[in-house]
Amino acid sequence: MTPSSISSAANDQSVDSLIKTIRIPPRPSMLIDVQTELACKEPDPRRLAATIANDVALAASLLKLTNSSFFGLRLKASSVEHAVNLLGMRQCGLLMTGIIARQSVHVEKVSLVKFWDFSSKRAQAMSHLAGQMRICSADMAHTFGLFCDIGIPLLLERFPDYQQTLDLASQQFEHKFTEIEQQRHSTSHTSIGALMARTWGLPEEVSTAILLHHDYEVLNDGATSETVRSLIALALVAEYSIHKYHGEETLAEWEKGGQLATDFLGLSHDELEDCFEELHEIFNHVH
């Protein structure tokens with residue numbers, strides 16, 4: 001081996017060792033049961049409801065979400081089975097994945113309330129846009145929106161100074177977000193997030209999009225799956241809409257990838273503004 005290849009191999013080993021010190025939550029058995037039921041040839045709403053009802057805390061969270069103003073249902077769900085019938089199995093599966101993720105990912109002495117609020121808004125926005133544009137499944141868009149940044153709390157837990165890295169990277173208008181992470185920690189939230197997505201049995205397109213979602217040049221790369229590129233472009237539009245909703249007009253990531261995303265989605269300036277209006281209306285109804 002040449003000195004450079006020996007050095008490269010040693011570096012790979014040290015990165016592998018580092019990754020082993022980052023706690024990736026194992027896929028919870030409840031999520032496996034929900035995913036297994038939904039993957040059946042003929043999924044059964046009663047079986048799904050019975051599975052969810054086995055965990056009192058998860059069942060209570062599902063009922064609270066189902067009866068929230070976001071869904072605006074005329075009828076209020078009185079039981080898990082009623083909630084599954086009102087929302088449909090697929091929607092319940094998505095909600096359960098989000099509830100289970102919140103329950104499984106936590107950081108000592110750090111509140112993740114804002115993180116989950118942003119992730120939920122992004123998931124809702126992406127699901128809506130995907131349904132309108134018909135460029136990828138609304139379910140997959142929702143899942144990606146929820147898990148897109150899941151590596152962030154895992155790195156907050158591992159590195160005491162990771163919040164500083166986030167602050168630096170989010171103000172960076174030239175270098176990639178992930179380059180700042182790599183320089184400071186030899187890994188990134190995209191790598192760790194993709195690893196968790198695979199561990200949790202999420203679709204391959206979702207884990208690939210998590211890995212690449214700060215590499216905006218892939219939006220012009222025909223070799224990358226259309227679904228992966230759609231998820232990355234939709235996420236950027238959704239995130240910019242959330243920032244604008246909170247009165248923040250400048251977003252470094254939008255400056256780096258916004259034009260590529262709108263070109264990929266075929267959105268004119270006026271169409272983009274219409275999207276923001278629609279999404280802000282949706283956010284107004286989320287409590």
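Residues numbered from 1 in each chain as written. Predicted model: local features only at pLDDT ≥ 70, side-chain atom pairs only at ≥ 80, totals over all residues. Heavy atoms only, no water.

## Topic: the layout of surface pockets
Roughly 1000 Å³ of internal volume is contained in the largest pocket. Lining the largest pocket are 35 residues, with Phe 115, Phe 118, Asp 149, Ile 152 and His 243 sitting closest to its centre. Those elements giving two or more residues to the lining of the largest pocket turn out to be helix H7 (113–133), helix H9 (151–158), helix H10 (162–170) and helix H14 (226–245). Take the lining of the largest pocket: its biggest share by element is 7 residues, from H7. Split into classes, the residues belonging to the lining of the largest pocket amount to 16 nonpolar, 11 polar and 8 charged. (1 Å grid on protein atoms, 1.4 Å probe; cavity = no way out; pocket = protein on both sides within 12 Å on 5 of 7 lines; lining within 4 Å. Points joined across faces, edges and corners; volume = space filled by probe spheres on them. Helix = DSSP H or I, 4+ residues; strand = E, 2+ residues; numbered from the N terminus. Nonpolar A, V, L, I, M, F, W, Y, C, P; charged D, E, K, R; others polar.)

## Focus: the environment of Leu 87
Position of Leu 87 relative to the elements: it lies in helix H5 (residues 80–87). For Leu 87, a relative accessible area of 15% translates into the label buried. Distance from Leu 87 to His 128, taken between C-alpha atoms, is 16 Å for residues 41 residues apart in sequence. Residues contacting Leu 87, with those up to four places away along its chain left out, are Thr 66, Phe 71, Leu 73, Cys 92 and Leu 95. (Buried < 20%, exposed > 50% of the residue type's maximum accessible area, 1.4 Å probe, protein only. Contact = heavy atoms within 4.5 Å.)

## Topic: a negative patch on the surface
A contiguous patch of negative charge, built from Asp 270, Glu 271, Asp 274, Glu 277 and Glu 278, is present on the exposed surface. Here Asp 270 shows up in helix H16 (residues 269–284). A relative accessible area of 55% places Asp 270 in the exposed class. (Patch = residues over 30% accessible without salt bridge, like charges linked within 9 Å, V, L, I, M, F, W, Y side chains within 5 Å. Areas by Shrake-Rupley, 256 points an atom, 1.4 Å probe, with all protein chains shown as cover. Salt bridge = Lys/Arg side-chain N within 4 Å of Asp/Glu carboxyl O. Lys, Arg positive; Asp, Glu negative; His and termini not counted. Charge placed at Lys NZ, Arg CZ, Asp CG, Glu CD.)

## Focus: the packing of aromatic side chains
The description of two aromatic rings rests on the distance between their centres and on the angle between their planes. Inspection of every chain in the model, using the stated rule, returns 5 aromatic pairs. On the basis of an interplanar angle of 70° and a centroid distance of 5.3 Å, the ring pair of Tyr 245 and Phe 283 is categorised as edge-to-face. Linking Tyr 245 in helix H14 with Phe 283 in helix H16, this pair joins segments that are 38 residues apart in sequence. Pairwise contacts between aromatic rings join Tyr 240, Trp 254 and Phe 276 into one cluster. (Phe/Tyr/Trp six-rings, centres within 6.5 Å; stacked < 30°, edge-to-face > 60°.)

## Re helix H4 (residues 56–66)
Turning to H4, its buried residues number three or more, namely Leu 58, Ala 59, Leu 62 and Thr 66. For H4, the arc enclosing every buried residue in end-on projection is 100°, short of the 170-degree limit, so these residues lie on one face. Those residues of H4 that are exposed and angled more than 90 degrees off the buried face are Val 56 and Lys 64. Where H4 is buried, its residues contact helix H2 (29–39), helix H3 (45–53), H5 and helix H6 (89–104). Residue Asp 55 occupies the N-cap position of H4, its side-chain oxygen lying 3.1 Å from the main-chain nitrogen of Ala 57. (Arc of directions from axis to C-beta. Polar contact = N/O pair within 3.5 Å; in protein donor to acceptor, adjacent residues only side chain to side chain.)

## Considering the environment of Arg 198
Along the chain, Arg 198 falls in helix H12 (residues 189–199). Its relative accessible area of 42% is what places Arg 198 among the partly exposed residues.

## What to know about the nonpolar core
Among the nonpolar cores identified, the biggest contains 87 residues, and Leu 62, Phe 144 and Phe 147 are the most heavily contacted of them. At 11 residues, the largest contribution of residues to this core is made by H14. (Core = buried A, V, L, I, M, F, W, Y, C linked by side-chain atoms within 4.5 Å.)

## Examining the packing of H4 against H5
One way to put it is that H4 packs onto H5 with a least axis distance of 10 Å and a crossing angle of 40°. If you check the angle between H4 and H5, you find them oblique. The way H4 lies across H5 gives a crossing that is left-handed. When H4 is examined against H5, the residues Ala 59, Leu 62, Leu 63 and Thr 66 are found in contact with a partner set consisting of Val 80, Ala 83 and Leu 87. Considered class by class, the residues forming the contact of H4 with H5 number 6 nonpolar, 1 polar and no charged. (Axes fitted to C-alpha atoms, helices over the stretch in contact; angles between N-to-C directions. Parallel < 35°, antiparallel > 145°, perpendicular 65-115°, else oblique. Left-handed = near helix turned anticlockwise from the far one by under 90°.)

## Re the confidence of the model for the protein chain
Averaged over every residue, the pLDDT of the protein chain is 89; residues scoring 70 or more account for 94%. Ignoring residues within four places in sequence, the model shows residues 1–10, a span with pLDDT below 50, making 2 contacts including any to other chains. (pLDDT = per-residue confidence, 0-100.)

## With respect to the pattern of salt bridges
One pass over the structure, following the stated rule, counts 13 salt bridges. For Glu 217, the salt bridge is made with Lys 176, and the minimal N-O distance between the two is 3.1 Å. Here Glu 217 is found in the loop between helix H13 (204–212) and H14, whereas its partner Lys 176 is found in the loop between H10 and helix H11 (177–185), with 41 residues between them in sequence.

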